[in-house]
Amino acid sequence: MMDASRIMVALDYPGVKEASSCVQDLSGSGVYLKVGMQLYYAAGPAYVAALKENGYSVFLDLKVHDIPNTASGAMQSLASLGVDMVNVHAAGGRRMMEAAREGLEKGTPAGGKRSLLIGVTQLTSTNIETMNWEIGIPGSVEECVVRYAQLVKDSGLDGVVASPREVPLIKQACGADFLTVTPGIRPAGADAGDQQRITTPEEAIKLGSDYLVIGRAITQAAQPRQALDDIVQQISSLGV
Ligand code: C5P
């Protein structure tokens with residue numbers, strides 16, 4: 001039976017007050033919490049540290065993308081928070097990713113556990129038109145995602161953020177142990193919003209995703225805990 005530890009709830013809230021009410025509702029579920037830019041820029045490192053003190057697994061989703069020296073420094077600062085997972089954009093290239101990993105290692109307190117470091121491939125809100133004609137990357141989204149995943153692996157990172165649809169190709173190219181963290185999850189009938197490359201939670205699990213990032217389908221529900229429990233139950237019925 002699957003528990004909630006492979007579900008990461010995206011706490012995309014304007015501040016501590018709103019986030020705390022959701023976290024309280026989810027307490028005891030064993031869910032992973034994802035803090036992104038909106039909440040981190042408003043609440044700062046103290047809130048993240050508090051979540052860790054309360055025993056939560058935390059993915060700090062700040063998507064660092066800068067020159068290698070700055071990415072390394074950013075990771076060195078973040079390492080002191082003791083979160084479980086942090087990330088960078090694969091589009092920053094190999095030297096940036098290697099520097100980020102070095103910074104993370106340098107900043108991890110002696111005897112502490114290094115946060116997992118994940119590379120963002122293509123955002124799940126990106127479609128082929130955006131990628132080809134706005135960003136200027138030719139080819140299919142899948143080709144780009146797999147190429148980025150290989151680069152992320154070669155740079156010594158632990159896994160990628162991608163759409164669940166791309167997980168089989170990524171696992172084939174990078175191995176079963178290479179982690180896949182997948183946003184763009186919508187329970188059947190839910191609004192896609194700004195996301196483009198989406199699947200249901202059950203499809204994501206069937207496709208081999210390690211962690212399912214779910215935001216609005218839980219955080220905007222009248223009862224977030226109920227929405228989470230429904231998703232866990234649907235997934236458990238797959239017998240995984
Ligand atoms: O509300 P929703 O389920 O669409 O939230 C998805 C979350 O995953 C958001 O916090 C978004 O920033 C994040 N994310 C994403 N696509 C990526 C990486 C992160 O949607 N490639």
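For the structure given in this document, a descriptive report is provided here. (Residues numbered from 1 in each chain as written. Predicted model: local features only at pLDDT ≥ 70, side-chain atom pairs only at ≥ 80, totals over all residues. Heavy atoms only, no water.)

Within the chain, the secondary structure is distributed over 10 helices and 8 strands. Taken over C-alpha atoms, the radius of gyration comes to 17 Å for the chain, in line with the 18 Å a tight globule of 240 residues would show. Summarising its shape, the C-alpha atoms of the chain cover approximately 45 × 40 × 30 Å along the three principal directions. Expressed as a percentage of the 240 residues in the chain, the buried residues total 51%. Taking contacts inside the chain between residues at least 6 apart in sequence as the whole, the part at least 24 apart equals 67%. Summing over all exposed atoms, the chain offers an accessible surface of approximately 10,900 Å²; the carbon and sulfur share of this is 49%. (Helix = DSSP H or I, 4+ residues; strand = E, 2+ residues; numbered from the N terminus. Rg over C-alpha atoms; globule rule 2.2 N^0.38 Å. Buried < 20%, exposed > 50% of the residue type's maximum accessible area, 1.4 Å probe, protein only. Contact = heavy atoms within 4.5 Å. Areas by Shrake-Rupley, 256 points an atom, 1.4 Å probe, with all protein chains shown as cover.)

Once that is clear, we can look at the nonpolar core. Counting residues in hydrophobic clusters, the biggest one holds 62 residues, and the most contacted among them are I7, L11, L51, L60, M75, V88 and I218. Core analysis: the next-biggest nonpolar cluster, separate from the first, contains 12 residues, Y32, F59, V181 and Y211 among them. (Core = buried A, V, L, I, M, F, W, Y, C linked by side-chain atoms within 4.5 Å.)

Those residues of helix α7 (residues 167-174) not exposed but buried are V167, I170, K171 and C174. Down the axis of α7, the sector holding all buried residues measures 95 degrees, keeping them to one side. Downstream of α7 by a residue or two, G175 has a phi angle that is positive, lying close to 100 degrees. (Arc of directions from axis to C-beta.)

Further remarks concern the packing of helix α6 (residues 141-154) against α7. Remark: α6 packs on α7, axes separated minimally by 9 Å, with the N-to-C direction vectors making an angle of 40 degrees. Considered as vectors, α6 and α7 are oriented oblique to each other. Both α6 and α7 take part in a crossing whose hand is right-handed. Residues E142, V145, V146, A149, Q150 and K153 of α6 form the contact with α7, whose own contacting residues are L169, I170, A173 and C174. Partitioning the contact of α6 with α7 into residue classes produces 7 nonpolar, 1 polar and 2 charged. (Axes fitted to C-alpha atoms, helices over the stretch in contact; angles between N-to-C directions. Parallel < 35°, antiparallel > 145°, perpendicular 65-115°, else oblique. Left-handed = near helix turned anticlockwise from the far one by under 90°. Nonpolar A, V, L, I, M, F, W, Y, C, P; charged D, E, K, R; others polar.)

Located in the positive-phi region is K63, a residue other than glycine, with phi close to 45 degrees. For K63, the position within the fold is in strand β3 (residues 58-64).

With parallel pairing, the 8 strands of this closed barrel are ordered in space as β1-β2-β3-β4-β5-β6-β7-β8. Each strand of the sheet is rotated relative to its neighbour by a mean of 25 degrees, with strand direction disregarded. Relative to strand β5 (residues 116-120), strand β4 (residues 85-89) is paired through 5 bridges, and the arrangement is parallel. From the neighbouring strand, V86 faces β5, where its bridge partner is L117. Seen against the sheet, helix α4 (residues 94-107) touches β3, β4 and β5 and runs at an angle of roughly 155 degrees to β4. (Pairing = 2+ DSSP bridges.)

Below, the discussion takes up the side chain of D210. When you line up the elements, D210 lands in the loop between α8 (201-206) and β8 (211-214). A polar contact is formed between the side chain of D210 and the side chain of K171, at a distance of 2.6 Å. (Polar contact = N/O pair within 3.5 Å; in protein donor to acceptor, adjacent residues only side chain to side chain.)

Attention now goes to the packing of helix α1 (residues 16-26) against helix α2 (residues 37-53). It is at 10 Å that the axes of α1 and α2 come closest, and there the two elements cross at 45 degrees. Looking at the two axes, α1 sits oblique to α2. When α1 is examined against α2, the residues V16, A19, S20 and V23 are found in contact with a partner set consisting of L39, A43, Y47 and L51.

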